[in-house]
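Results of the structural survey
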Amino acid sequence: MFKKSFLLLLICSLTCTEYVFSQTKSGVLSGKVICVDAGHGGTALTDSYRVGPGGEREEWINLRVAKILQKKLLQKGAKVLMTRTADDTIALWRRAKIVVDNKADLFVSIHHNATADANVNFPIIYFHGNASENLAGVALGKELATTITKHLFEGNSPVSVVSDFTIFPKAGAQVLRGTYGIPAVLAEAAFFSNPTEEQKLKQEDYNEKEAQAYTEALEAFFSKSIPEIIPKNRIASVPPFMAFQEAERMTETARRWHQDFLDGQVLMKNSDTTSIRQAYELFTRSARSFPDSYVAAECHANRAVLLRLMGKTDEAKQEELRVKEFYVKFAVKR
Ligand SMILES: [Zn+2]
């Protein structure tokens, strides 16, 4: 009898311990299947584009942040899928397949950015497709824009939350396209082409801050009801705007993206035909040079105004639609 009750007590205490243990992990991330993708990998010998002025490579930064994030999410009770855990080359389609095959609840693709202008440094978060359709992607993007700005930029930075069609006008980013239907974003937290930022990104404690930003964003996202993701192009279909691709974005012309925007604004104040045409060309060039910059939405909005002045109403409407679907209005909460 004594033995039996002792046994019962033991079972109870073990169960209770387990219960308490799971209680500590009962946050919103507990049990969630999250896929963490460290962008690129294994291209040190073949790729001279994704390397900072001090020799740090994007794929290495991505992997460090991803591994710290993996640890943090596991501590929160999430089930974490990693697309890679070493400096390996993994095909983009395979990364997307991991997400879909495992029915992940959420997918984040971790990247860092480069551009010709070494002064540029701010976060860019991409969702797939149209903002009015990919509501979950936009919501996740906004959460991440908030936390990355808070942890890496002291809450003081411009930030872009944009469609991946801004940079890949024909089909968007493959990992986001291949996982559409699951809440997902691809985030470029900072620019390693900025020498000061590159030095920070080399430091593990700075990578830890970024992983913390992801963790907080995911917690915020799952603590609200998850917005829906409507099939692509059901509500809106935006015609492609051919932006410069990676190599072209490193040219002298592309380096003038911000000056072109400022010059366009000055010219736009004049009402003569030549100024209107020139302003239009400058906004177009700025948007081509840096289609995901924090002034790109304004460039397209101004193009719409100028197209109307030129009597091109249909084209103006297309530009207005582009601004609405591809560029999320976002102000950093301070
Ligand atoms: Zn990248």
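Residues numbered from 1 in each chain as written. Predicted model: local features only at pLDDT ≥ 70, side-chain atom pairs only at ≥ 80, totals over all residues.

From N to C terminus, the protein includes twelve helices and six strands. Across the 334 residues that make up the protein, the buried fraction comes to 46%. The long-range fraction of contacts in the protein, counting pairs at least 24 apart against all pairs at least 6 apart in sequence, stands at 78%. (Helix = DSSP H or I, 4+ residues; strand = E, 2+ residues; numbered from the N terminus. Buried ≥ 20, exposed ≤ 12 C-beta atoms within 10 Å, placed from the backbone. Contact = placed C-beta atoms within 7 Å.)

The accessible area lost on association of the parts is a frequent measure of interface size. If you check the domain split of the protein, you get domain 1 (29-222) and domain 2 (248-326). Between the C-alpha centres of domain 1 and domain 2 there is a distance of 28 Å. On the side of domain 2, 13 residues touch domain 1, which itself brings 16 residues to the contact. With three residues, strand β5 (residues 160-163) is the single largest residue contributor to the side of domain 1 that touches domain 2. Of the residues that constitute the side of domain 1 that touches domain 2, the class distribution is nine nonpolar, six polar and one charged. (Domains from an automatic or database assignment. Nonpolar A, V, L, I, M, F, W, Y, C, P; charged D, E, K, R; others polar.)

Right, let's get into helix α7 (residues 204-222). For α7, with 19 residues, the first-to-last C-alpha span of 27 Å sits near the 27 Å given by 1.5 Å per residue. Among all positions in α7, only Asn207, Glu210, Ala211, Ala213, Tyr214, Thr215, Ala217, Leu218, Phe221 and Phe222 are buried. (Expected span 1.5 Å × (residues − 1).)

Before going further, it helps to spend a moment on the pairing of strand β1 (residues 33-38). Counting buried residues along β1, five of its six residues qualify, which places the element largely inside the surrounding structure. Pairing of β1 with strand β2 (residues 79-82), which is carried by four bridges, proceeds in the parallel orientation. Paired with Val36 across the two strands is Met82, which belongs to β2. In this fold, the crossover linking β1 to β2 by way of helix α2 (residues 58-75) has right-handed handedness. (Pairing = 2+ DSSP bridges. Right-handed = clockwise from strand over helix to strand, strands pointing away.)

A few words now on α2. Along its 18 residues, α2 runs 26 Å from first to last C-alpha, staying within 8% of the 26 Å computed at 1.5 Å per residue. Those residues of α2 that fall on the buried side of the exposure criterion are Glu58, Glu59, Trp60, Ile61, Asn62, Leu63, Arg64, Val65, Ala66, Ile68, Leu69 and Leu73. Where α2 is buried, its residues touch β1, β2, β3 (106-113), α6 (195-201) and α7. Directly beyond the C-terminal end of α2, a positive phi value near 90° is found at Gly77.

Right, let's talk about the environment of Ala114 for a bit. Structurally, Ala114 is set in the loop between β3 and β4 (124-127). A count of 22 C-beta atoms within 10 Å places Ala114 in the buried class. In this structure the C-alpha to C-alpha distance between Ala114 and Val161, which are 47 residues apart in sequence, comes to 17 Å. If near-sequence neighbours (up to four positions away) are discounted, Ala114 is found in contact with Tyr49, Arg50, Phe191, Phe192 and Ser193.

Counting 85 residues, the largest nonpolar core has Tyr126, Leu144, Val185 and Ala187 as the members making the most contacts within it. If we ignore the near neighbours within four places in the chain, the residues touching Ala187 are Val108, Ile110, His111, Pro123, Ile125, Leu144 and Ile148. (Core = buried A, V, L, I, M, F, W, Y, C linked by C-beta atoms within 7 Å.)

Turning next to the environment of Val36. Relative to the helices and strands, Val36 resides in strand β1. As a C-alpha pair, Val36 and Ser160 span 124 residues in sequence and 21 Å in three-dimensional space. In this structure Val36 touches Ala66, Leu69, Gln70, Val80, Met82, Val108 and Ile110, once residues within four positions along its chain are discounted.

Moving on: unusual backbone geometry. Most of the time, phi is negative for any residue but glycine, and the peptide bond is trans. Unlike most non-glycine residues, Glu154 shows phi in positive territory, near 50°. Note that Glu154 resides in the loop between α4 (135-153) and β5. Overall, the presence of 9 C-beta atoms within 10 Å leaves Glu154 in the exposed class. The phi angle at Asn233 is positive, at roughly 65°, despite the residue not being glycine. Counting through the fold element by element, Asn233 comes out in the loop between α7 and α8 (252-255).

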